[in-house]
Amino acid sequence: MNPMLTNLDATDTSTALGDFADAADDDRVAVPIPLAAITRCIQVCGVDAKPEDIAELAANIDDVGLLHPIEVNPNGDGTYTLIKGNSRRLAFLQLGRETIPAFVDPRPSSEELLAEFIRAQASENAHRKHLTILETLNTINRLTEPPCSCGRNQVGRIMRLPETTLKRYWKVHRTLRDRGTTWLPEVRLWLNTPNATWAVAAAFAADRGLERVFAATGELPNLMPDSPAPVPPTGPEPARPATATSSDRGTQLAPHNAPAPAATPRDSTPLPTPPAVRAEDSPARGRRLLQRLRRLLVELHNVAAELPPELLQEISEELAAGATRTRTTE
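Residue numbers restart at each chain and count upward from 1, following the sequence in its written direction. For a predicted model such as this one, the threshold for reporting local features is a pLDDT of at least 70, and the threshold for listing and counting side-chain atom pairs is 80 or more; totals across whole chains, interfaces and linings nevertheless cover every residue. Only hydrogens and water are set aside; all other atoms, that is, all heavy atoms of the structure, feed into the side-chain values.

Colleague: Would you mind going over helix 3 (residues 111-128) in detail, with residue names and values included?
Modeller: Under the DSSP-based scheme used, a helix requires at least four consecutive residues in state H or I and a strand at least two consecutive residues in state E, with every element numbered from the N terminus. The span one expects for a helix is its residue count, reduced by one, times 1.5 Å. Relative to the 26 Å expected for 18 residues at 1.5 Å per residue, helix 3 spans 26 Å between its end C-alpha atoms, a close match to the ideal helical length. Along helix 3, the residues that are buried comprise L113, L114, A115, F117, I118, Q121, A122, S123, E124, N125 and H127. The buried label applies to any residue whose accessible area, calculated with a 1.4 Å probe on protein chains only, is under 20% of its type's maximum; exposed applies above 50%, and partly exposed to all values in between.

Here it is, written out as structure tokens:
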């Protein structure tokens, strides 16, 4: 059976690139190498383990020893590239050790071999652990850059991402890449927590201003419009996609085949009269309205790909008509 089609469970050791069963370690011999000789680390997810986790691992190693040696590849100059086991390396450093047991891959270092190591680590991480939003985006970025230079579909196969999940993450990845800047430190920390969601990550990627607001105040963007929720259509509730991940909880998109809401005649309902506002409140109210407009634009950008062309055209006409009415009343 194709390993890509097997169920993910505790006994499944397959990946998109082969098998990583620990039993394979029995065929190799670990040798002690100097920790100082490890000069490069393939950290595909781009995030070290939490200090408390490293401390717990160090205490366990100090008590029972290292059960699984790290894996390295020689650079050809007496130094090594760490292929697997960064947390174990950090634990040994915390213990003050000078050497660490390692399995040495003897193949000569090359860009092709480095790409193989990156793809294998990305596949294993995605298979064995629940990646955070930040770790997932970092992994996608690493796979798309040289020496891997993977395309969208290849990334999905390596990381075993369902199409819906891949589409969401890929949009955030492309937006972040196109803007040419990295996350602010405060946003980066939040994206590495279980509370982070892809929808907020998309909002941060699309609007640097939202990042700055969060960095200064800790306030997450409100992606929901202030208007009342629309009345759901009659009939049975559509089934939710079975491929939704834990990072998608709390966010539900309408199915592609859901009936579009009936269009309301453009001029049949008069515009509501805005409430009187004191002159001194106008600047503050203007800033709030601008922030709300930005949030609405971000939300519209996120769902635009899910809308049929005829509905997008109707939205464009409504926006144009609203702008005309605004100019008329000025």
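Colleague: An account of a nonpolar patch on the surface is requested, with residue identities and associated values reported.
Modeller: In this analysis, a patch consists of residues with relative accessible area above 30% that form no salt bridge, clustered at 9 Å for like charges and at 5 Å for the nonpolar side chains Val, Leu, Ile, Met, Phe, Trp and Tyr. Here, Shrake-Rupley sampling with a 1.4 Å probe gives the accessible areas, and only protein chains in the shown set may cover a residue. Salt bridges are defined by distance alone: a side-chain nitrogen of Lys or Arg within 4 Å of a carboxyl oxygen of Asp or Glu. Together, V29, V31 and V104 line one region of the surface with nonpolar side chains, adding up to about 240 Å² of accessible area. Mapping V104 onto the fold places it in strand 7 (residues 99-104). Exposure remark for V104: the relative accessible area of 33% places this residue in the partly exposed category.

Colleague: Requested: an account of the nonpolar core, with residues and values cited.
Modeller: Formed by 44 residues in total, the largest nonpolar core has its most connected members in I133, L143, V155, W183, L191 and F204. Only helix 3, helix 4 (133-144), helix 5 (152-159), helix 6 (163-179), helix 7 (185-191), helix 8 (198-206) and helix 9 (208-217) provide two or more residues apiece to this core. Ranked by residue count, the leading element in this core is helix 8, at eight residues. Residues within four places of W183 in sequence aside, it is in contact with L134, L137, V172, L176, R188, L191, A201, F204, A205, R208 and E211. In this description, a nonpolar core means a group of buried Ala, Val, Leu, Ile, Met, Phe, Trp, Tyr and Cys residues linked to one another through side-chain atoms lying within 4.5 Å. Contact definition: two residues touch when any of their heavy atoms are within 4.5 Å.

Colleague: Can you break down the packing of helix 3 against helix 4 residue by residue, with the values?
Modeller: Orientation is described by lines fitted to C-alpha atoms, with helices fitted over the stretch in contact, and by angles between N-to-C directions that extend from 0 to 180 degrees. It is at 10 Å that the axes of helix 3 and helix 4 come closest, and there the two elements cross at 155°. Judged by the angle between their axes, helix 3 and helix 4 are roughly antiparallel. Taken as a pair, helix 3 and helix 4 cross one another with a handedness that is left-handed. Contacts between helix 3 and helix 4 involve I118, R119 and A122 from the former and T139, R142 and L143 from the latter. If an angle is under 35 degrees, it is roughly parallel; if it is over 145, roughly antiparallel; if it lies from 65 to 115, roughly perpendicular; otherwise it is oblique. Left-handed describes a crossing whose near helix is turned anticlockwise from the far helix through less than a right angle; right-handed describes the clockwise counterpart.

Colleague: With reference to specific residues and values, describe the confidence of the model for the protein chain.
Modeller: On average, the protein chain scores 77 in pLDDT, and the residues at 70 or more come to 62%. A residue's pLDDT is the confidence the predictor assigns to it, expressed on a 0 to 100 scale. Taken together, the stretch residues 1-24 has pLDDT below 50 and engages in 39 contacts with residues farther than four places along the chain or on a different chain. With pLDDT under 50 throughout, residues 234-267 is counted as low confidence; its partners more than four residues away or in other chains account for 29 contacts.

Colleague: Let's hear about the packing of helix 5 against helix 6: which residues, and what values?
Modeller: The geometry of a pair of packed helices is captured by two quantities: the angle between their axes and the separation between those axes. Running from amino to carboxyl end, helix 5 crosses helix 6 at an angle of 125°, the nearest separation of the two axes being 10 Å. One element, helix 5, and the other, helix 6, form an angle in the oblique class. Crossing geometry of helix 5 relative to helix 6 is assigned as right-handed. Facing helix 5, whose interface residues are R152, V155 and G156, helix 6 presents E163, L166, K167 and W170. Amino acids are sorted into nonpolar (Ala, Val, Leu, Ile, Met, Phe, Trp, Tyr, Cys and Pro), charged (Asp, Glu, Lys and Arg) and polar (every other residue, Gly among them). Looking at the contact of helix 5 with helix 6 residue by residue, the classes come out as three nonpolar, one polar and three charged.

Colleague: I'd like a description of helix 1 (residues 51-64), backed by residues and values.
Modeller: Its 14 residues give helix 1 an end-to-end C-alpha distance of 20 Å, which sits within 8% of 20 Å, the value for a rise of 1.5 Å per residue. Residues I54, A58 and I61 constitute the buried set of helix 1. All buried residues of helix 1 project into a common sector of 65° when viewed along the axis, lining one side. Of the exposed residues in helix 1, those oriented more than 90 degrees away from the buried face are E56 and D63. Packing partners of the buried residues in helix 1 comprise helix 2 (86-94). A positive backbone phi angle near 90° is found at G65, which sits one or two residues after helix 1. Along the arc lie the directions from the helix axis toward the C-beta atoms.

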